[in-house]
Amino acid sequence: MTNRCILQISLLLCFSTTALSMNYKLLRYQQRSSNLVCRRLLWKLSGNPQYCLEDRMDFEVPEEIKRPQQLQKEEVVSVMHEMLQQIFDIFTRNFSSTGWNETIVEKLYAELYWEMHHLETALKEIMDQKDFTWGSMTTMLNLKKYYLRIALYLEDKLYSKCAWTAVQVEILRNFSFLNRLTGYLQN
């Protein structure tokens, strides 16, 4: 009897995740909550921007991210997923010189992974729609170039503590953009 109950609950959870994923209102709420958690975790990482002013850099955020009004909501999901994936990849680089608390970084990884998972579910459903067509791939290309500039900056600065602080500030800015993009997820 217990096994049957567990099976029913498991199936319900599996189906509810898929069924609710295209509820953009729910997705928007989940993303905003998770973005807030990520921002708080980033603030907990040590790093004082005041001491690293000479290491500041304009990484040139793509205009489409600053002004996402021209994006379809389906494209917004894809852009958000790409941003989170790139942020995840950046934080898997050599951050040993930072003195960051690894537990906080691991929580950040988990939260980013959770966000990407929910967006992937929505992306799969979007891709399954027969009438959906992607807009310009220029946005994705510009986004990849932007994160490449960040990665190359870290590499050029030999992953120094100040370089990571500059990147940390930039990623915090990214979460502001992600919140703005999340606002475009309407039913």
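Because the structure is a prediction, the values reported are computed rather than measured.

Undergrad: Account for the state of the cysteines, with residues named and values stated.
TA: What the rule picks out here adds up to 1 disulfide. The disulfide partner of C52 is C162, and the gap between their sulfur atoms is 2.1 Å. Classification of the bridge connecting C52 and C162 rests on its S-S torsion, roughly -65°, and on that basis the disulfide is left-handed. Within this pair, whereas C52 is found in the loop between helix 2 (24-44) and helix 3 (63-66), its partner C162 is found in helix 7 (residues 161-182), the two being separated by 110 residues in sequence. On the accessibility criterion, C52 (7% relative accessible area) is buried.

Undergrad: A description of the layout of surface pockets should follow, citing residues and the corresponding values.
TA: A water-sized probe, rolled over the atoms, reveals where empty space remains. Reported here for the largest pocket is a volume of approximately 170 Å³. Along the wall of the largest pocket there are 12 residues; nearest its centre are R56, M57, T165, A166 and V169. When grouped by side-chain class, the residues that make up the lining of the largest pocket number 8 nonpolar, 1 polar and 3 charged.

Undergrad: Give a description of helix 5 (residues 102-128) that names residues and reports values.
TA: Three- or four-residue spacings in an α-helix give side chains the same orientation, since the helix completes a turn every 3.6 residues. The terminal C-alpha atoms of helix 5, which comprises 27 residues, lie 39 Å apart, in line with the 39 Å expected from a rise of 1.5 Å per residue. Capping the start of helix 5, N101 holds a side-chain oxygen 2.8 Å from the backbone nitrogen of T103, two or three residues further along.

Undergrad: Report on the packing of aromatic side chains, specifying residues and quantitative values.
TA: This structure, assessed with the given rule, holds 6 aromatic pairs. On the numbers, 5.3 Å between centres and 70° between planes, the contact of W100 with W164 is edge-to-face. Of the two residues, W100 sits in the loop between helix 4 (73-91) and helix 5 while W164 sits in helix 7, which places them 64 residues apart along the sequence. Residue class for W100 comes out buried when judged on its relative accessible area of 7%. One aromatic cluster is present, built from ring pairs that chain together F91, W100 and W164.

Parameters and conventions
Residues numbered from 1 in each chain as written. Predicted model: local features only at pLDDT ≥ 70, side-chain atom pairs only at ≥ 80, totals over all residues. Heavy atoms only, no water. Disulfide = S-S within 2.5 Å. Helix = DSSP H or I, 4+ residues; strand = E, 2+ residues; numbered from the N terminus. Buried < 20%, exposed > 50% of the residue type's maximum accessible area, 1.4 Å probe, protein only. 1 Å grid on protein atoms, 1.4 Å probe; cavity = no way out; pocket = protein on both sides within 12 Å on 5 of 7 lines; lining within 4 Å. Points joined across faces, edges and corners; volume = space filled by probe spheres on them. Nonpolar A, V, L, I, M, F, W, Y, C, P; charged D, E, K, R; others polar. Expected span 1.5 Å × (residues − 1). Polar contact = N/O pair within 3.5 Å; in protein donor to acceptor, adjacent residues only side chain to side chain. Phe/Tyr/Trp six-rings, centres within 6.5 Å; stacked < 30°, edge-to-face > 60°.

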